[in-house]
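Close look at the chain arrangement
Listed below, chain by chain, are the residues.
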Amino acid sequence: MNSLILKKGRERSLKRRHPWIFSGAVEKGGGKAGETLEVRDNSGKVLAHAAYSPQSQIRARVWTFDPAEAVDAAFFRNRIQKALVLRDALPAAKHTNALRLVNGESDGLPGLVVDRYADVLVAQFLAAGVERWRDPVLDALTEISGCEAIFERSDAEVRKLEGLEPRVGFARGNRDAQRCPIIEYGLNFRVDVEAGQKTGFFLDQRENRRLARTLAGGKRVLNLFSYSGAFGVYAAAGGAASVTNVDVSAPAIEAARENASLNGVVAEQVVADAFQYVRQKHGPFDLVVCDPPAFAKSRNEVERAARGYKDVNLYAMRMIAPGGMMMTFSCSGHLSLDLFQKVMFAAALDAGRRISFVRRLTAGPDHPVSMYCPEGEYLKGFLLEVH
Ligand code: SAH
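What this report covers is the structure whose coordinates are included nearby. The model shown is predicted, which means the values in this text are computed figures rather than measured ones. (Residues numbered from 1 in each chain as written. Predicted model: local features only at pLDDT ≥ 70, side-chain atom pairs only at ≥ 80, totals over all residues. Heavy atoms only, no water.)

Some details on a positive patch on the surface
As a reminder, the rule being used: A patch is a set of surface residues, each over 30% in relative accessible area and not in a salt bridge, joined within 9 Å for like charges and within 5 Å for the nonpolar side chains Val, Leu, Ile, Met, Phe, Trp and Tyr. Residue-level accessible areas treat just the shown protein chains as cover; the underlying method is Shrake-Rupley with a 1.4 Å probe. Between Lys or Arg on one side and Asp or Glu on the other, a salt bridge is scored when a side-chain nitrogen of the former is within 4 Å of a carboxyl oxygen of the latter. In this charge count, Lys and Arg are treated as positive and Asp and Glu as negative; neither His nor the chain ends contribute. By convention, the point assigned to a charge is CZ for Arg, NZ for Lys, CD for Glu and CG for Asp. The helix and strand labels rest on DSSP assignments: H or I over at least four residues marks a helix, E over at least two residues marks a strand, and numbering proceeds from the N terminus.
On the surface, Lys7, Arg10, Arg12 and Arg16 cluster together into a positively charged patch. One can find Arg12 in helix α1 (residues 12-15).

A word on the pattern of salt bridges
Oppositely charged side chains can form a pair if their charged atoms are brought close together. For the structure on display, the rule yields 31 salt bridges. Look at the salt bridges and you will find they share partners, linking Glu184, Arg206, Glu207, Arg209, Arg210 and Asp366 into a network.

What about the sheet that holds strand β16 (residues 268-271)?
Here is the rule: At least two DSSP bridges between two strands are required for those strands to pair. A fitted line through C-alpha atoms serves as each axis, taken over the contacting stretch for helices, and the angle formed by two N-to-C directions is quoted from 0 to 180°. Any two residues having at least one pair of non-hydrogen atoms within 4.5 Å are treated as being in contact.
Strands sit in the order β16-β15-β14-β17-β18-β20-β19 across an open sheet of seven strands; the sheet is mixed. Both edges of this open sheet fall to β16 and β19 (355-362), since each of them pairs with a single strand only. Pairs of neighbouring strands in the sheet enclose a mean axial angle of 15°, with direction left out of account. Note that strand β15 (residues 242-247) and β16 share four bridges and pair parallel. By the bridge assignment, Val246 is partnered in β16 with Val270. Along the sheet, helix α8 (residues 250-262) contacts β15 and β16; its crossing angle with β16, the most-contacted strand, is approximately 170°. Each of β14 (220-224), β17 (285-290), β18 (320-330), β19 and β20 (380-386) touches helix α10 (residues 302-318); the most contacted strand, β18, lies at about 160° to it.

A few points about the site of the ligand
Where we set the bar: What makes a residue near a molecule or strand is one non-hydrogen atom of that residue sitting within 4 Å of it. Nitrogen and oxygen atoms within 3.5 Å of one another constitute a polar contact, given that in protein one can donate a hydrogen and the other can accept it, and given that sequence-neighbouring residues count only through two side-chain atoms. In the scheme used here, Gly and all other residues not listed as nonpolar or charged are polar, with Ala, Val, Leu, Ile, Met, Phe, Trp, Tyr, Cys and Pro taken as nonpolar and Asp, Glu, Lys and Arg as charged.
Taken together, the neighbourhood of the ligand is formed by 16 residues, with Gln197, Arg209, Asp247, Ala274 and Asp291 sitting nearest. Contacts to the ligand include Gln197, whose side-chain N or O atom sits 3.0 Å from an oxygen atom. Within the contact set of the ligand, a nitrogen atom lies 3.4 Å away from a side-chain nitrogen or oxygen of Asp273. Against a free-state accessible area of 580 Å², the protein chains account for coverage of 91% of the ligand. Taken together, the residues of the shell around the ligand break down into nine nonpolar, three polar and four charged.

Here's the deal with the state of the cysteines
To keep it simple, the criterion reads: By definition, disulfides here are pairs of cysteine sulfur atoms that lie within 2.5 Å. Under the scheme applied here, a residue whose accessible area is under 20% of the maximum for its type counts as buried, over 50% as exposed, and between as partly exposed, the area being computed with a 1.4 Å probe on protein chains only.
For the coordinates displayed, the defined rule picks out zero disulfides. Cysteine Cys331 remains unbridged, with the sulfur of Cys290 as its closest cysteine sulfur at 11 Å. Cys331 supplies the cysteine sulfur nearest to Cys373, a cysteine that is in no disulfide, at a spacing of 17 Å. Given the relative accessible area of 3%, Cys373 is considered buried.

Description of the packing of helix α2 (residues 73-88) against helix α4 (residues 134-145)
Definition in use: Angles below 35 degrees are treated as roughly parallel, those above 145 as roughly antiparallel, those between 65 and 115 as roughly perpendicular, and all remaining angles as oblique. Each crossing gets its handedness from the near helix: less than a right angle anticlockwise from the far helix is left-handed, clockwise is right-handed.
Where α2 meets α4, the closest approach of the two axes is 9 Å, and the angle between their N-to-C directions is 40°. When the axis of α2 is compared with that of α4, the two are oblique. Of the two possible hands of crossing, α2 and α4 adopt the one that is right-handed. Together, Ala73, Phe76, Arg77, Ile80, Gln81 and Leu84 of α2 and Pro136, Val137, Ala140, Leu141, Glu143, Ile144 and Ser145 of α4 make up the contact between the two elements. Of the residues belonging to the contact of α2 with α4, the class tally is nine nonpolar, two polar and two charged.

Structure, rendered in structure tokens:
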């Protein structure tokens, strides 16, 4: 087995079970893209087995910290099985047939994301290591989940950093990829797993949408960055007086229209830039949901992203009637919770409103975050009271 030998002292993060080995920590060694290597400290002691990514700054990702554990097809079957058992046990599993089944590092499977949409799985192979094990992974997924159709959405930007070409299409089976019907807490949605954003639906927001439903009764609701209108459907189902979805993407708003009619609810659908929409004369609203895309895709974009979050939140706050509420989110992994809170403080101050935190919002329990890899915690949010 080939090895990767770390510089002196650079084994520290591995000892803290962080699964990433950065290029700067490597003294010598390597192998083929995706090959499993023994990772050794400078004295030669084996610390882990990891997948080699020759082109990425994250030069290797740890499969196991147990030098005696083999990385083979059975290893992947075992990890996938564990991930699925965890999902089956979640309370939400009784109320939805759409869940994240595998969440990368958090499930001990760096680079692998798998979402279930009823009887279709959507898989993303995002690193050289898991790419190499694609077939055994697909086989194990079919066998353990019982889903015959697996659609591959290996078209995320991060694949470029690994030197991998995009791959999109059915890897197993076949279905209507543009309209996968799912149910969440009694509501119906159609998911476009082929051309939709990410894997087609924002499963991470499920529990926050459920919260929106409980808050929406009698309220005028504005859903900024609505995508396929899921928050809007929940709000309408919760008895909202009115619902307005705003998204810059015409296909997203078209999907929102379809999702509203599937559930027999009414929502105003607006194709617009949210930054402009909040500057125009609209409202007032009693509940605003603000869930923009990740403005910071890398560390050096954090400052610009912070300005974007502040801007849209500040104007959105001004549209809220006294006593109203706001659910506001950032899904930029590089923007810390601490910084997001500061940004909301600055927005509140400039909006000239008295605002309190009611509770913190996070991704749902099917998106666990490894204690050892906090980079996995990207979605942060606050429920705010606006006076
Ligand atoms: N809350 C949604 C997910 C939102 S994803 C859900 O629960 O399903 C972010 C959305 O923001 C995407 O649909 C994207 O099209 C939209 N978007 C990006 N830039 C925008 C802009 N400037 N104005 C309005 N929408 C924008």
